[in-house]
2 protein chains.
Amino acid sequence: MNEQSAQSRIAQLRSILGEDSVLTRPEDTAAFEVDQRRLYHGHALAVVSPRQVEEVAALVAWCVQHRIGLVTQGGNTGYCGGATPDESGLQLVLLMRRLNRVRSIDAANFSMTVEAGCVLANVQRAADMADRFFPLSLGAEGSCQIGGNLATNAGGVNVLRYGMARDLVLGLEAVLPDGSIWRGLKSLRKDNTGYDLKSLLIGSEGTLGVITAATLKLWPKIRSGATAMVAISTPADALALLGLLREHSGERLSSFELLPRVAIDLTLRYVSATHDPLGQSYPWYVLCELTSGTTENLNEQLQQTLALAMERSLVLDAALATSERVRLDFWRLRESVPEAQRHEGVSIKHDISVPVASVPDFIAEASLWVRQHVADGFLVCYGHAGDGNLHFNINRATDGENQAFLAREPVIKRAIHDLVARYHGSISAEHGIGRLKREELQRYASPVQLACMRAIKHALDPHGIMNPGKVL
Amino acid sequence: MNEQSAQSRIAQLRSILGEDSVLTRPEDTAAFEVDQRRLYHGHALAVVSPRQVEEVAALVAWCVQHRIGLVTQGGNTGYCGGATPDESGLQLVLLMRRLNRVRSIDAANFSMTVEAGCVLANVQRAADMADRFFPLSLGAEGSCQIGGNLATNAGGVNVLRYGMARDLVLGLEAVLPDGSIWRGLKSLRKDNTGYDLKSLLIGSEGTLGVITAATLKLWPKIRSGATAMVAISTPADALALLGLLREHSGERLSSFELLPRVAIDLTLRYVSATHDPLGQSYPWYVLCELTSGTTENLNEQLQQTLALAMERSLVLDAALATSERVRLDFWRLRESVPEAQRHEGVSIKHDISVPVASVPDFIAEASLWVRQHVADGFLVCYGHAGDGNLHFNINRATDGENQAFLAREPVIKRAIHDLVARYHGSISAEHGIGRLKREELQRYASPVQLACMRAIKHALDPHGIMNPGKVL
């Protein structure tokens, strides 16, 4: 596109969306042209921020007419470059931040309707003020937007009990790739009228449409809870502890996070206001939390289960959170691992899952591989072990050299992902595909699945307007 | 198709599937050419029952080649004619009953893999024998098949706690409309690698492919429970009781069924071994059940909540199930309503849902309409009120006349469904669309949704092989 036609298009956009909704100056657009991990640096024709769904629809219709690719962006907290434009200067970045109203809360129906640009923490807060609980919770909740959470089917720390983002949605409003508005904001628990378009859009990472609003499920507010940091010898003991907690506490078990000592060490070293949770150092830790929407003595329940686990030598040591402050300290250790890893230096990350029962074997085999093949790196393997989801990250060793280390990233990823495939696992448990794992998906997904996805993509978005070059 | 070409096709089918897998004699095929409500009487080219997924794939490929429509049938217990062939004699009925193996159970991973032809009760039993719980439960569980449950996204009595069939599935194996086999039997809790084909196939009623096997989620076995039959004055009191039970028992509340006195009367009249559950007659009843995977005194908990509800005049009377026999008696009253209605005579049925908080208003307004407009009928409105799902059925009055009554079915359905639409409800909460509600779907679904569904159908099944004439 030459400069003149670019200017004419921007003028058209301004006439559709209004002057102040179309950003083009580099100082205004730069933050939206790079992903938060700084893996991708794109260049957009413009960054646009409409105010309502009808404007989004008009924008999409315009994009179809002019064959302009549209990259929808929420809080720009994704890990896979799914919300970053390419380098062509021909794509638009669509910001959802002005569609940020909580449209309604129906406490009796345990549901609320929010616009895509609502920051997740604000959604949680609005639910809380209505004496209800919205369970989606993750590290970026202060800046990520619910629309992005849904587009990527976000996971987080409460999946064990409440499921992924897809499981938390009753209805959607979305602009489809032909510019039509699908007004599917139902608040029904049961509805068997046709194909599940909602689940299809959720997790499609903006490639099948733009989610503009959602009706979310709410739960009774949490009235009791208990949290413990537990020291264990091995991931196998973690699995046995998980079984015991399930047996004694059933669905009250809402989080079960596995941490190796090295993750605690890094966090203590680089993140302020963190404390070693137990008197001494242990090989592995489990951060577990029970919650209930009714009044119960969960501390006693958790204590009893942990005592039993100690008798059975599954648990080496444990500390119950005796106050909300201590509880937040425990969670800070867990949530700060990515930050600590960044401070330590470059790393090679894998967001993978295997069947829960295979977690110990997988960790053993994959760790051995890292020890044998990555002399200039060390493993930080932690995550939502209760769901089988591990963040399997390899940091450069202190005496290693960035370039040499990162040069081997493709080889290392290949080996780890091949191992994941052998365990019938997933190469992207919760972060999605985006741009980062597009080639990986081609390798690990079955040809039948890919053909099916392409057929759906082509049927709904024949001109390839929606987030081009992502996922497929 | 002339007789000669029909014979040649049947010979081809026999060479693909084997002699004994292709039924053509009327006495062998008749049972599969009519739906269980006897609304549709079809005529098939043949009824085929392959033994394995590869045979299903070969069959579909053959159907594509010869443009033969394929109607997949499970236990033939559907309410909407979705598994019945048309009258042309050109479609095939595909029985899944020989694909009936439990392929594996992984208790530690809380999952099991079963073939589509497994009878639901057998799936429940297999889970139970592995000390696990599979929660899908409905009246037809002794004969319906899990493949049909998934194809129609079945609901049942445990949706309140565990969700619909779609929510109970981790992975699928299916034959797609081009004859390819999608081997998607993952047993992962978290997997964000591409579009959610699983949710798309589930609930598509055989129009997008043939589900041949599924990996199902399991839960801890139920270790405590409490069941009560509760008498109340109005549906509004039922809603208040639901709130109270949620507050006191949280997710332990697994069933909350609403029954009007007339449903109890009909059941007592027509179904053997049923007993009036309380000392006298009351306007409405709630059958509620608490369950837990851990050992708890739920009887005491339920009793306390009901006592509180009585103090607040929400509950008129209540009986706790003091033994498993009494519990089964209570459930027999609930599960026998459809049978009792059949004995009473013809009826006009609606399987609808509204937001849970709107249930009382909807019942009031819809009941008034029935009283004012259907002099020759009486209402039996019951169902899964905890999910907002009502079976809103109108029986012919004793002194009414079948033909005149049924002649008004379209007018009555239109009025009830229009009212449902006004309440932002669903015209098919759990039974699906099939053939029965195809025109209704055209009326009540948005043009955008329908266009999107048609685009997906055409993309995946361009020759219209899969269950032609159903849903769309």
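Calculation notes
Chains are numbered independently. Their residues run from 1 in the order of the written sequence. Working convention: letters from A go to chains and numbers from 1 go to ligands, in the order in which they are written. Totals for whole chains, interfaces and linings use every residue, but because this is a predicted model, local features are given only for residues with pLDDT of at least 70 and side-chain atom pairs only at 80 or more, for both listing and counting. Side-chain figures throughout are based on the complete set of non-hydrogen atoms in the structure, without hydrogens or water. Secondary structure elements are taken from DSSP: a helix is a run of H or I of four residues or more, a strand is a run of E of two residues or more, and numbering for both begins at the N terminus. Radius of gyration: C-alpha atoms only; globule rule: 2.2 Å multiplied by the number of residues to the exponent 0.38. Contacts: residue pairs with any heavy atoms within 4.5 Å of one another. Computed with a 1.4 Å probe, the accessible areas rest on the Shrake-Rupley method; for each residue, only the protein chains presented here act as cover. All tallies of charge rest on Lys and Arg as positive and Asp and Glu as negative; His and the ends of each chain are not included. The atoms used to mark charge sites are NZ of Lys, CZ of Arg, CG of Asp and CD of Glu. Our superposition of the copies is a least-squares fit, built on the C-alpha atoms of residues whose pLDDT is at least 70 in both. Throughout this description, the term salt bridge denotes a Lys or Arg side-chain nitrogen within 4 Å of a carboxyl oxygen of Asp or Glu. By convention, a stacked pair of Phe, Tyr or Trp rings (six-membered ring in the case of Trp) has centres within 6.5 Å and planes under 30 degrees apart, an edge-to-face pair has planes over 60 apart, and any other such pair is tilted. With a 1.4 Å probe rolled over the protein chains alone, any residue whose accessible area is under 20% of its type maximum counts as buried; one over 50% counts as exposed, and the rest are partly exposed. Residue count minus one, scaled by 1.5 Å, sets the expected span of a helix. What the arc describes is the spread of directions from the helix axis to the C-beta atoms. Whether two strands pair depends on DSSP finding at least two bridges between them. Here, nonpolar core means buried Ala, Val, Leu, Ile, Met, Phe, Trp, Tyr and Cys residues that are tied together by side-chain atoms lying within 4.5 Å of each other. Here the buried area means the combined drop in accessible surface, using a 1.4 Å probe, for two parts upon being joined, counting both sides. Any N or O atom pair separated by 3.5 Å or less is treated as a polar contact, with the protein-specific requirement of one donor-capable and one acceptor-capable atom, and with residues adjacent in sequence counted only for side-chain atom pairs. Only Asp, Glu, Lys and Arg are considered charged, only Ala, Val, Leu, Ile, Met, Phe, Trp, Tyr, Cys and Pro nonpolar, and every remaining residue, Gly among them, polar. Lines fitted to C-alpha atoms define the axes here, with helix axes fitted over just the stretch in contact, and angles between the N-to-C directions of these axes take values from 0 to 180 degrees. Any angle from 65 to 115 degrees is called roughly perpendicular, while one under 35 is roughly parallel, one over 145 is roughly antiparallel, and all others are oblique. In a left-handed crossing the near helix is turned counterclockwise from the far helix by less than a right angle, and in a right-handed crossing that turn is clockwise.

1. Some words on the overall build of chain A
For chain A, the helix and strand inventory stands at 17 helices and 19 strands. In terms of C-alpha radius of gyration, chain A reaches 23 Å, essentially the compact-globule figure of 23 Å for 472 residues. Principal axes of the C-alpha set define a box for chain A whose edges measure 75 × 60 × 45 Å. Counting only contacts in chain A whose residues sit at least 6 apart along the sequence, the fraction spanning at least 24 positions is 74%. For chain A, the exposed area adds up to about 17100 Å²; of that, 50% sits on carbon and sulfur atoms. Computed over 47 positive and 51 negative side-chain charges, the inter-centroid distance for chain A is 3 Å.

2. A few points about the relation of the copies chain B and chain A
The transformation that overlays chain B on chain A combines an axial shift of 0.0 Å with a rotation of 180°, and the residual RMSD is 0.0 Å. Interpreted geometrically, this transformation is the action of a two-fold axis.

3. Topic: the pattern of salt bridges
Under the criterion given, the structure shown has 68 salt bridges over all chains. A salt bridge links glutamate 430 of chain A to lysine 190 of chain B, with the shortest nitrogen-to-oxygen separation between them at 2.8 Å. Placement of glutamate 430 of chain A in the loop between α15 (409-422) and α16 (438-444) and of lysine 190 of chain B in the loop between β9 (181-184) and α7 (197-201) is noted, with the two residues assigned to different chains. Members of the salt-bridge network, linked through shared partners, are Glu54, Arg101, Arg103, Glu115, Glu173 and Arg183 of chain A.

4. Remarks on the packing of aromatic side chains
All names here are of chain A. Inspection of the entire model under this criterion finds ten aromatic pairs over all chains. Seen in terms of ring centroids, tyrosine 282 and tyrosine 285 are 6.4 Å apart; in terms of plane orientation they differ by 75°. Their pairing is edge-to-face. Grouping residues by exposure puts tyrosine 282 and tyrosine 285 together as buried. These aromatic residues form a ring-pair network of at least three members: Phe133, Tyr162 and Trp219.

5. Here we look at helix α1 (residues 3-17) of chain A
Residue and element names in this part refer to chain A. Across its 15 residues, α1 extends 21 Å between first and last C-alpha, which sits within 8% of the 21 Å expected from 1.5 Å per residue. Within the span of α1, buried status applies to Ala6, Ile10, Leu13 and Leu17. Mapping the buried residues of α1 onto a view down its axis gives an arc of 55°, with all of them on the same face. Projecting away from the buried face of α1 at angles above 90 degrees are the exposed residues Gln4 and Ser15.

6. Comments concerning the sheet that holds strand β2 (residues 46-48) of chain A
All names here are of chain A. Pairing within the open sheet is mixed, and its four strands lie in the order β1-β2-β4-β3. The open sheet has two edge strands with one neighbour each: β1 (22-23) and β3 (70-73). Where β1 and β2 come together, two bridges link them in antiparallel fashion. Its bridge partner lying in β2, valine 22 is registered against valine 48.

7. As for the nonpolar core
In this structure, Phe134 and Ile146 of chain A together with Phe134 and Ile146 of chain B are the most contacted members of the largest nonpolar core, which totals 88 residues. In contact with isoleucine 146 of chain B, not counting residues within four places along its chain, are Val114, Glu115, Ala116, Cys118, Leu120, Val123, Phe134, Leu136 and Leu216 of chain B. If you look at the next biggest cluster of nonpolar residues, it comprises 46 residues, including Ala309, Ile352, Phe405 and Ile416 of chain A.

8. Regarding the interface of chain B and chain A
Taken together, the contacts link 77 residues of chain B with 76 residues of chain A. Summing the contributions of chain B and of chain A, the shared interface buries around 5900 Å²; its carbon and sulfur component is 61%. Together, Lys190, Asn192 and Tyr195 of chain B form the three largest contributors to the area buried by chain B at its contact with chain A, with a combined 18%. Our count for the chain B to chain A interface comes out at ten salt bridges. Put simply, glutamate 296 of chain B and arginine 252 of chain A hold a salt bridge, and the shortest N to O gap is 3.0 Å. Where chain B meets chain A, there are 32 residue pairs in polar contact (both at pLDDT 80 or more). Sorting the residues of the side of chain B that touches chain A by element identifies α6 (159-162), β9, α7, β11 (219-220), α8 (235-249) and α17 (447-460) of chain B as the ones contributing at least two each. Broken down by element, the side of chain B that touches chain A gets its largest block of residues, nine residues, from α17 of chain B. Its residues assigned to classes, the side of chain B that touches chain A shows 32 nonpolar, 30 polar and 15 charged.

9. Section: the packing of α8 of chain B against helix α10 (residues 298-311) of chain B
All names here are of chain B. Close contact between α8 and α10 brings their axes to 10 Å; oriented N to C, the two are set at 140°. It follows from the interaxial angle that α8 and α10 lie oblique. Handedness of the crossing formed by α8 with α10: right-handed. Taken together, the residues of α10 that come into contact with α8 (itself represented by Leu241, Leu244, Leu245, His248 and Ser249) are Gln301, Leu302, Thr305, Leu306, Leu308 and Ala309. Of the residues contributing to the contact of α8 with α10, the split by class is seven nonpolar, four polar and no charged.

10. Here's the deal with helix α9 (residues 261-270) of chain A
An α-helix turns once every 3.6 residues. As a result, residues three or four positions apart point the same way. Looking at α9 of chain A, one finds that the buried residues are Arg261, Ala263, Ile264, Leu266 and Thr267 of chain A. Check the buried side of α9 of chain A and you find it contacts β13 (253-260), β14 (284-292), α11 (324-335), α12 (337-344) and β18 (377-382) of chain A.

11. With respect to unusual backbone geometry
Although it is not a glycine, arginine 67 of chain A sits at a positive phi angle of roughly 55°. Checked against the element boundaries, arginine 67 of chain A lands in the loop between α3 (53-66) and β3. For asparagine 153 of chain B, which is not glycine, the phi torsion reads 50° and is therefore positive. In this structure, asparagine 153 of chain B sits in the loop between α5 (146-151) and α6.

12. Here's the deal with the pairing of strand β19 (residues 389-396) of chain B
All names here are of chain B. The buried fraction of β19 amounts to eight of the eight residues, a majority that puts the element mostly inside the structure. What you see with β19 is no split at all: Asn389, His391, Asn393 and Asn395 on one side and Leu390, Phe392, Ile394 and Arg396 on the other are buried throughout. Of the strand pairs in this sheet, strand β16 (residues 347-348) and β19 are connected by two bridges, and their pairing is antiparallel. Paired with isoleucine 348 across the bridge in β19 is isoleucine 394. Pairing geometry for strand β17 (residues 351-353) and β19, over three bridges, is antiparallel.

13. Topic: the sheet that holds strand β1 (residues 22-23) of chain B
Residues and elements named next belong to chain B. The strand order across the open sheet built from four strands is β1-β2-β4-β3, with neighbouring strands paired in mixed fashion. Each edge of the sheet is formed by a strand with only one pairing partner; in this case those strands are β1 and β3 (70-73). Relative to strand β4 (residues 92-95), helix α3 (residues 53-66) is tilted by about 170°, and along the sheet it contacts β2 (46-48), β3 and β4.

14. Looking at the side chain of glutamate 257 of chain A
Residue and element names in this part refer to chain A. Summarising the element assignment, glutamate 257 is placed in strand β13. A polar side-chain atom of glutamate 257 sits 2.7 Å from a polar atom in the side chain of histidine 384. Non-local contacts of glutamate 257, meaning those with residues more than four positions away in its chain, are made with Val157, Tyr285, Val286, Leu287, Trp331, Arg334, Gly383 and His384.

15. Quick word on the packing of α9 of chain A against α12 of chain A
Residues and elements named next belong to chain A. Their axes nearest at 8 Å, the elements α9 and α12 cross at an angle of 75°. It follows from the interaxial angle that α9 and α12 lie roughly perpendicular. Listed contacts from α12 to Ala263, Leu266, Thr267, Arg269 and Tyr270 of α9 are Val337, Ala340, Gln341, His343 and Glu344. Of the residues that constitute the contact of α9 with α12, the class distribution is five nonpolar, three polar and two charged.

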